[in-house]
Structures are given as structure tokens and as C-alpha cells.
Amino acid sequence: MNSESPVAVSELPDELAERDQWVCWKEEQRDGKMTKIPVTPGSGEFASSTDSETWTGFETALDYVQTGNAAGIGFVFTDDDPIVGVDLDDCRDPETGDADDAALDIIDRLDSYTEVSPSGTGYHVLIKGDLPDGRNRRGSFELYDTARFFTVTGDHVEETPMRVARRQDALAAIHREYVQDTDDDSEADSDRRGNADEGSAADGPSEVDVDLEDEELLEKAMDASNGAKFERLWKGSTGGYDSQSEADMALCNLLAFWTGGDQTRMDDLFRQSGLLRDKWDEVHYADGSTYGEKTIERAVGNTSDFYDPEPREESTQASASTGDLSADAGRDDSARSQAYLTEKNRLLNERVEELETLLEWKNDRIDELEAEVERLTAELTQRDQATDQTHEERTVDGSPDDEESQSESVWGRTKQLFGNDSE
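Per chain, residues are indexed from 1 in the order of the written sequence. In view of the model being predicted, local features appear only for residues whose pLDDT reaches at least 70, and side-chain atom pairs are presented and counted only at 80 or more, with totals across whole chains, interfaces and linings using the full set of residues. Working from all heavy atoms in the structure, the side-chain values ignore hydrogens and water.

The helix count covers DSSP runs of H or I at least four residues long, the strand count covers runs of E at least two residues long, and both are numbered beginning at the N terminus. Following the sequence through the fold, Ser117 ends up in the loop between strand S5 (114-116) and strand S6 (123-128). Burial classes follow relative accessibility: with a 1.4 Å probe on protein chains only, a residue under 20% of its type's maximum area counts as buried, one over 50% as exposed, and anything between as partly exposed. According to the relative accessible area criterion, Ser117 is buried, its value standing at 7%. Once residues within four sequence positions are removed from consideration, Ser117 is found in contact with Gly122, Tyr123, His124 and Thr153. In what follows, a contact means two residues having at least one pair of non-hydrogen atoms within 4.5 Å.

Structure follows, in C-alpha cells:
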């Protein structure tokens, strides 16, 4: 590797470099901001974090960057590796190298390979472990273990190890403290527990009992405003998703709502859908969990609102008190609905952004191909004209124009058209 390599190769752990899970990336402007777009090393085509056909080995990715066709390299997280990425954004001063206390606390407790992000304003920590259930981002902290890629710089933080260490206990604690739980969440949970006895609307799987037959539940799901989406997934369609795993999660998110978060029933229903495959029962995690079990757990953890076919009746109270409780319940319902819609909108925006990126790349590729077709068409036209002119000159000069001469002329034109490519 030359001295101008954009990645400090000697600083990267072998656990990363030896895996064929590398892509390159380049920056493009999206909605007024610069966005890192994954590309396939060698071809420069759009790379997908769920399609291994678009990944390569580390050396191939690094070589492609050194040609100047990409800004850097990235590592893709998959279900088949134990690696988890912790992304700490907007926590470091790129001029002084000073970092905020929360980031330093996380880096110190994880005690694994850590590097500075490309912008210099954050850190990437790589560890081995199983990402806990529930949300995976809060504010500027995010955690990934599959279907995402990390930009890799090799700008190693000296105080951290040179290896990707197993840190399951630390990961669980940090996830709980920095991502899953906050004071606001604790207060909200307390309020919900206080209102549960008063018959508030369903806001958690433990409070919901969806006592409907499968046929009736499926009918309601397909008649809902997003019923068309549910029906497509139920029948096994993965259209609009980069992989079947994404489609599996989408259906499980819907099933989590309609079953009230009943994981056993979600599993029973999923097995009746067209998306069921052998992978559903394969063990994919160190704790012995199957792919299907973990998908269901995450779907329930991502769901903040649940269907309740028979809301519980409130206690008989004075009309004034009843009015107050109804108002409180209405506010709670509104807050929960807003949280659900906010999360749903975030996921949809991410999906739209990815599809727009893919569409823009395809349009650029179409423009390139059309330009190439025009160039080749013009070249062939020029060759035909030159050949016709030569033929006319031979005829005027009295050259033989018998069948043999015509055959030779055709052969000559053929070699002119295709000779350069064959050579």
C-alpha cells in the first residue's frame, strides 16, 4: 500500500480485515446535506448493506479507494458475525480532540477498538456481543449489528485496544443507560402504570388481550388503512424491500400491533404467512435464539402502540371525575399516537432516502449508457459512410464488381465494424 492510503491499514484489527464484508463510499448531497452512499468496490455501482454480492474483501475495497473513485471504505454488519458497532456522533471537537463526558464514559467501559469518524466529530467503537432488544438509537448515539455499514478510517484512539473485544455485559449496561432508558421514559412508565387500573387505552403488550380468532384478526388487519401492505407481506411479497429479512421485520411489526405484542401468537401467525422459510428456525445468536425469535422480540420492542379490541371500562365515578379521566386518557392516547407516528415516519424517511439514492444512481447509469449508445451509433455511421465511399471509388475506377468482389467488401466492412473489439 502506498503512503497516501486513506486508511491506516496497520491500525485495523484482523477480526475486521479478514472478513469479506467491505464496501466503499462516496459523498453526495441529499436534501441539502452531504450523505455517505455505499458503492461496490471495482464497479462503483450502488452497494446494499443486505446484499453480499455487492461486498468484497478488504484489499479490493482499499485498492478501489486508491484509484480516486471513492472517498473511503466501510464495514458491513450482518447476522452471521458477532460484531456490533457503536456510533457516537457530535461528541468530539475535531480541532482539539476533546470529547464530551458521555462519549468518554462509553469508550472507557466498552474498552474495545475505537477510531475517530471521517468527519473528526465522533467515534466508532467495535465490539463483539449481542445487541439487546428494544430501540437502537437515541439522540446522537446509535448501535448496529446487522444490515448497516460503518465507515472505517483506521484513525485509532490510542487509549483503546487494538482488537475487537467481547463486551456483552458492558454493551447491555450502556444500551440500558444511554439508549433504552431515560428519566422521561421512567416518568412515562410510571404514569402509564398509574392509569392502568383506571382503564386507559392499551400502550404495552402486557396490558393487551386480543381475544380474536385468526381469521377475524387477519380480516381486520387487511381492512385497515395499511391493509394492502399487510396483505402483500402476508402473501409472501418482498417488493419494495432490499431483502426478505426486511420484509420479515415489516410483517412482524404489523403482527406485533394486531396481536397486542403476544410473541407466541405472532410466531403462530407468521408460520401461516407466505414469508415463512427455513431460516426462521435457524439459531443465529449466541444465546441460542433463532432468527425468528429475535425478529419477533425486536418487532415488539419497536412497537409503541398496540391494538385493543375491547378497551377496559372505567370505574363508576362522579361525572366531573369521569370527564377529567377521559381528558387524561385522551392526552395519553395522543402522546402515544404521536410517538408511534414519529417512529413510523422516521423509518419511512430512511426507506425513501435509500430508494431515492438508488433511483438517482440508476438514472445516472442510464444517462451514461445512452451517451455510449449515441457514440457507438455515430462511429458505425461514419464507418458505413467511409466504406460506401470506398466502394463507389472502386466502381468509378473500373474495379471488378462481381460476386467475389462484393463478398470481399462485406467481409471488409465486417472487420471494420468489429475488428477492433475482437483484437
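Turning our eyes to something else, we now look at the pattern of salt bridges. Basic side-chain nitrogens of Lys or Arg form a salt bridge, by our definition, when they fall within 4 Å of a carboxyl oxygen of Asp or Glu. Evaluation of the coordinates by the stated rule reveals 16 salt bridges. When salt bridges with common partners are traced through the structure, they connect Glu372, Arg375, Glu379 and Arg383 into a single cluster.

Before going further, it helps to spend a moment on the packing of helix H8 (residues 244-258) against helix H9 (residues 263-270). Between N-to-C directions, angles cover 0 to 180 degrees, with each direction set by a line fitted to C-alpha atoms, over the stretch in contact for helices. Look at H8 against H9: their axes get within 10 Å of each other, and the N-to-C directions meet at 130°. One finds that H8 runs oblique with respect to H9. Taken as a pair, H8 and H9 cross one another with a handedness that is right-handed. Touching Asp248, Leu251, Cys252, Leu255 and Ala256 of H8 are Met266, Leu269 and Phe270, all from H9. Under the convention adopted here, Pro, Cys and the residues Ala, Val, Leu, Ile, Met, Phe, Trp and Tyr are nonpolar, Asp, Glu, Lys and Arg are charged, and Gly plus all remaining residues are polar. Its residues assigned to classes, the contact of H8 with H9 shows seven nonpolar, no polar and one charged. By the definition adopted for this analysis, an angle is roughly parallel if under 35 degrees, roughly antiparallel if over 145, roughly perpendicular if from 65 to 115, and oblique otherwise. Left-handed describes a crossing whose near helix is turned anticlockwise from the far helix through less than a right angle; right-handed describes the clockwise counterpart.

For two strands to count as paired, DSSP must find a minimum of two bridges between them. Spatial ordering of the open sheet is given by S5-S6-S4-S8-S7, a layout of five strands whose pairing is antiparallel. Strands with a single pairing partner mark the edges of an open sheet, and in this sheet they are S5 and strand S7 (137-138). Most of the contacts of helix H3 (residues 101-110) go to strand S4 (residues 83-88), to which it runs at about 160°, and overall it touches S4, S5, S6 and strand S8 (141-144).

Before going further, it helps to spend a moment on the confidence of the model for the protein chain. In the predicted model, the protein chain carries a mean pLDDT of 79, and the fraction of residues at 70 or more is 73%. Along the chain, pLDDT gives the predictor's confidence residue by residue, from 0 to 100. Here residues 182-201 is modelled with pLDDT under 50, and outside its nearest four sequence neighbours on either side it reaches 18 contacts, counting other chains as well.

So, on to unusual backbone geometry. Even without a glycine there, the phi angle at Asp111 is positive, about 50°. Checked against the element boundaries, Asp111 lands in the loop between H3 and S5. For Ala147, which is not a glycine, the phi torsion comes out positive at approximately 60°. Mapping Ala147 onto the fold places it in the loop between S8 and strand S9 (148-152). Using a relative accessible area of 24% as the deciding quantity, one classes Ala147 as partly exposed.

Of all six residues that make up strand S3 (residues 72-77), six are buried, and the element is covered over most of its length. Every second residue of S3 is oriented toward a common face, with Gly72, Gly74 and Val76 on one face and Ile73, Phe75 and Phe77 on the other, all of them buried. Of the pairings in the sheet, the one linking strand S1 (residues 22-30) to S3 comprises four bridges and is antiparallel in character. Residue pairing for S3: Trp25 is matched across the bridge by Gly72. Across five bridges, the pairing between S3 and S9 is antiparallel. Note on S9: the bridge partner recorded for Ile73 is Val152.

For the rest of this paragraph, the subject is helix H4 (residues 168-180). Because an α-helix completes one turn every 3.6 residues, residues spaced three or four positions apart along the sequence face the same direction. If you check H4, its first and last C-alpha atoms are just 16 Å apart, much less than what 13 residues at 1.5 Å a residue would give, namely 18 Å. Buried residues along H4 sit in contact with S4, H3, S6, S7 and S8. Helices are assigned an expected span. That span is 1.5 Å times one less than the residue count.

Turning our attention to the sheet that holds S1. Pairing within the open sheet is antiparallel, and its four strands lie in the order S2-S1-S3-S9. Only two strands of the sheet have a single partner each, and these edge strands are strand S2 (33-39) and S9. Neighbour to neighbour, the strand axes of the sheet diverge by 45° on average, direction disregarded. Each of S1 and S3 touches helix H2 (residues 58-66); the most contacted strand, S1, lies at about 40° to it.

Moving on: the nonpolar core. In this structure, Phe230 and Met266 are the most contacted members of the largest nonpolar core, which totals 28 residues. Those elements that provide at least two residues to this core are helix H6 (214-223), helix H7 (227-234), H8, H9 and helix H10 (291-302). A total of ten residues in this core trace back to one element, the largest contributor, which is H8. The contacts of Phe230, once residues within four sequence positions are left out, are Leu218, Ala221, Met222, Leu251, Leu254, Leu255 and Trp258. The term nonpolar core refers to a set of buried residues drawn from Ala, Val, Leu, Ile, Met, Phe, Trp, Tyr and Cys, joined through side-chain atoms within 4.5 Å. Formed by 22 residues, the second largest nonpolar core is a distinct cluster that contains Phe58, Leu62, Ile83 and Phe150.

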